[in-house]
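# A closer look at the structure
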Amino acid sequence: MHWQTHPLLDEPRLKSIALVALIIVFTIGVTISLDGAVYGLITLVVLTLSMSRYLLPTRYELDDDGLEVAHLLRSQHHSWSAFRRADHHRDGLFLSPFAESSRLDSFRGCFLRYGATEDGAASAIEAFVRAHVPAR
């Protein structure tokens, strides 16, 4: 099972336009206030990379061995045994290595975003994950 999400295209246009405009405004503001194009370029790179999960596509692949998440030039493979909990959210599933909620969830967990998949596909993804990871 595999799919790709691209929140910049999947989310409402106004939200995406506002984010891109905000990045551009901050970049121009830093360039002008610090009187240097290099600072503006650094700002643009840092903001773009920090928002890359929203701005650029992410590819997910699930199989019986585990899951693979590919984003930018990086691909991560996680085995199902690494996860002890799956939490349902409005736009995806959060997989955690902890049986109970922890402050470390956001650092160690993995969020599977459904994206613009059909409702049936989202249900199939959730059923597949639930077969390998227990629900909370």
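What comes next concerns the included structure. (Residues numbered from 1 in each chain as written. Predicted model: local features only at pLDDT ≥ 70, side-chain atom pairs only at ≥ 80, totals over all residues. Heavy atoms only, no water.)

### Things to note about the packing of aromatic side chains
Quick note on the threshold: Each Phe, Tyr or Trp ring (for Trp, its six-membered ring) is paired with any other whose centre lies within 6.5 Å, and the angle between the two planes then decides the class: stacked below 30 degrees, edge-to-face above 60, tilted in between. Each helix corresponds to a stretch of at least 4 residues labelled H or I by DSSP, and each strand to a stretch of at least 2 residues labelled E; elements are numbered beginning at the N terminus. When accessible area is computed with a 1.4 Å probe and restricted to protein chains, residues below 20% of their type maximum are described as buried, those above 50% as exposed, and intermediate ones as partly exposed.
Using the criterion set out here, one finds two aromatic pairs in the structure. Aromatic side chains tryptophan 3 and tyrosine 60 sit 5.1 Å apart centroid to centroid with 25° between the ring planes, which places their arrangement in the stacked category. Within this pair, whereas tryptophan 3 is found in strand β1 (residues 2-5), its partner tyrosine 60 is found in strand β2 (residues 58-62), the two being separated by 57 residues in sequence. Residues tryptophan 3 and tyrosine 60 agree in their burial class; the two are buried.

### Some words on the pairing of strand β6 (residues 92-96)
Rules: Should DSSP find at least two bridges between two strands, the strands are regarded as paired.
Within β6, five of the five residues are buried, which leaves it mostly tucked inside the rest of the structure. Alternating positions in β6 separate into two faces, Gly92, Phe94 and Ser96 on one and Leu93 and Leu95 on the other, with burial throughout. Where strand β5 (residues 85-89) meets β6, five bridges bridge the pair, whose relative direction is antiparallel. Residue pairing for β6: aspartate 87 is matched across the bridge by phenylalanine 94. Connecting β5 to the next strand, β6, in antiparallel fashion are two residues. As paired elements, β6 and strand β7 (residues 110-113) share four bridges and run antiparallel to each other.

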